Amino acid sequence: MNGIADNQTGVDGVNPGQVSRLGSGSVIYPAAGTHGPRVQQDWQLVLLHSGHVRIQVDDQTIQMNPGQVCLLEPGHREFFQFSRERESWHRWISLRLTGDLVPPSWREAVGVAALSPPMNQIMDAMLDMRQHGFADDSLSVIYLGLAAMALFLGERAAEDTRRLKHPALERMAVYIRRHFAEKIDLDDLAGAAGLSREYLVRLNRQVNGRTPMQQLWAFRLEQGIDLIKNSGLTIGDIADRCGFAAYNHFARSVRRATGRTPGEIRRSALQADHLS
């Protein structure tokens, strides 16, 4: 493994020298697509960006919606069933560990969490490094894989804490992930949370630092920028799929958030592909 020392800092007892295999990728499944059955060989993070997926893991079912990330554990039989109505796009990071190493904190975190901008940024960096010639077993890429796992563990713990403290906000967040492409107003979010409009605004500001509608638009924008970089959809189609009523609104929001137009972001992504 490129001379990686076994005593280098890692994640909850796992250091880079204990990663025997690392992989990453991006795939779009057509409507009604399936994958498997298979026996999972790795610790795998699955990042779902569009569509839906139901993962049968042994005798349990995991339902994933857009804007979620799931940790899968090795040694279990899996079967993926994707949305029947539309294509489903997901990206993934997999890590295989040496020997019989089973990190307790990793096993406890198996399941689904919200997909955060930092997780997307790590995923982007891993795929960009592959395009620029970095091998999957290079130390830099392995550290990114472990960083993704560390981030997921932290976000799962934080999400569990928020859910215990503010189940109403979790209900609202789930509603946003499932319906962000639809027309949504504050009344819809308040209804999903089971709170009055005024109390929901106040509570969400206290916990998340923004209003519920700001949270909705931030999620829509995040999904839109990911699709600009990683899909062949037109900018107008992306705007429509992500809940923007007009192309101009989407383009202005992208420019305000990134300093670049949607076209500039796509050209940059295409140039990176060509360089690889």
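Check the entry above for the structure.
Source: prediction; values computed, not measured.

This part covers the overall build of the protein chain. Helices and strands together make up the secondary structure of the protein chain, namely 10 helices and nine strands. What you see for the protein chain is a C-alpha radius of gyration of 19 Å, in line with the 19 Å of a compact globule of 276 residues. Counting the 276 residues in the protein chain, one finds 46% classified as buried. Contacts spanning at least 24 positions in sequence make up 72% of the contacts within the protein chain whose residues lie at least 6 apart. Placing the 31 positive and 30 negative side-chain charges of the protein chain at their respective mean positions leaves the two points 6 Å apart.

Burial of strand E7 (residues 77-82) is one-sided: the residues Glu 78, Phe 80 and Phe 82 facing one way are buried, the residues Arg 77, Phe 79 and Gln 81 facing the other way are not. Across five bridges, the pairing between strand E4 (residues 53-57) and E7 is antiparallel. Bridge pairing in E7 links Gln 56 to Phe 79.

Topologically, Asp 226 is positioned in helix H7 (residues 212-230). Despite being buried, Asp 226 has no salt bridge partner; Arg 91 is the closest side chain of opposite charge, sitting 4.1 Å away. Excluding residues that lie within four positions of it along the chain, Asp 226 makes contacts with His 49, Trp 89, Arg 91 and Asn 120.

A word on the environment of Val 110. Considering the arrangement of structural elements, one finds Val 110 in the loop between helix H1 (104-108) and strand E9 (111-114). Sequence separation of Val 110 and Gln 18 is 92 residues, and the distance between their C-alpha atoms is 20 Å. Not counting the four nearest positions on each side in its chain, Val 110 is found in contact with Trp 43, Leu 71, Glu 73 and Arg 156.

Right, let's get into the sheet that holds strand E1 (residues 19-29). If you walk across this open sheet you meet the five strands as E1-E8-E3-E6-E9, and the pairing is antiparallel. Two strands lie at the open edges of the sheet, namely E1 and E9, each paired on one side alone. Looking at each pair of strands side by side, their axes are set apart by 15 degrees on average, direction ignored. Of the pairings in the sheet, the one linking strand E6 (residues 68-72) to E9 comprises four bridges and is antiparallel in character. Each bridged residue has a counterpart across the sheet, and for Cys 70 the counterpart in E9 is Val 112. In the packing of H7 onto the sheet, contacts are made with strand E3 (43-50) and strand E8 (88-97), and the angle to E8 comes to roughly 85 degrees.

Let's shift gears to the environment of Glu 78. By the secondary structure assignment, Glu 78 is in strand E7. In the structure, Glu 78 is positioned 67 residues away from Val 11 in sequence and 26 Å away in space, judged by C-alpha atoms. Apart from the residues lying within four places of it in its own chain, the contact partners of Glu 78 are Gly 36, Pro 37, Arg 38, Gln 40, Gln 56, Val 57, Leu 72 and Glu 73. A distance of 3.1 Å separates polar atoms of two side chains, one belonging to Glu 78 and the other to Gln 40.

Turning our attention to unusual backbone geometry. Backbone torsion omega between Gly 36 and Pro 37 reads 5 degrees, so that peptide bond is classified as cis. Take Pro 37: it is sitting in strand E2 (residues 34-39). Despite not being glycine, Ala 32 shows a phi value in the positive range, around 65 degrees. With respect to the secondary-structure elements, Ala 32 resides in the loop between E1 and E2. Overall, the relative accessible area of 43% leaves Ala 32 in the partly exposed class. Here Asp 58, not a glycine, exhibits a phi torsion of approximately 55 degrees, which is positive.

A separate point is helix H6 (residues 197-208). Over its 12 residues, H6 runs 16 Å from end to end, which matches the ideal 16 Å to within 8%, given 1.5 Å per residue. Taken as a whole, H6 has its buried residues at Leu 200, Val 201, Leu 203 and Asn 204. The secondary structure elements touched by the buried residues of H6 are helix H4 (167-179), helix H5 (186-193) and H7. Downstream of H6 by one or two residues, Gly 209 has phi in the positive range, about 75 degrees.

The subject of this paragraph is the sheet that holds E2. Note: strands within a sheet are paired through backbone hydrogen bonds, in either parallel or antiparallel orientation. Ordered in space as E2-E7-E4-E5, the four strands form an open sheet in which the pairing is antiparallel. Two strands in the sheet have a free side with no partner beyond their single neighbour: E2 and strand E5 (60-64). The sheet shows a mean angle of 15 degrees between the axes of neighbouring strands, direction not considered. Across four bridges, E2 lies against E7 in antiparallel orientation. In the sheet register, Arg 38 faces E7, and the bridge partner there is Glu 78.

Thresholds, definitions, all that
- Residues numbered from 1 in each chain as written.
- Predicted model: local features only at pLDDT ≥ 70, side-chain atom pairs only at ≥ 80, totals over all residues.
- Heavy atoms only, no water.
- Helix = DSSP H or I, 4+ residues; strand = E, 2+ residues; numbered from the N terminus.
- Rg over C-alpha atoms; globule rule 2.2 N^0.38 Å.
- Buried < 20%, exposed > 50% of the residue type's maximum accessible area, 1.4 Å probe, protein only.
- Contact = heavy atoms within 4.5 Å.
- Lys, Arg positive; Asp, Glu negative; His and termini not counted.
- Charge placed at Lys NZ, Arg CZ, Asp CG, Glu CD.
- Pairing = 2+ DSSP bridges.
- Salt bridge = Lys/Arg side-chain N within 4 Å of Asp/Glu carboxyl O.
- Axes fitted to C-alpha atoms, helices over the stretch in contact; angles between N-to-C directions.
- Polar contact = N/O pair within 3.5 Å; in protein donor to acceptor, adjacent residues only side chain to side chain.
- Expected span 1.5 Å × (residues − 1).

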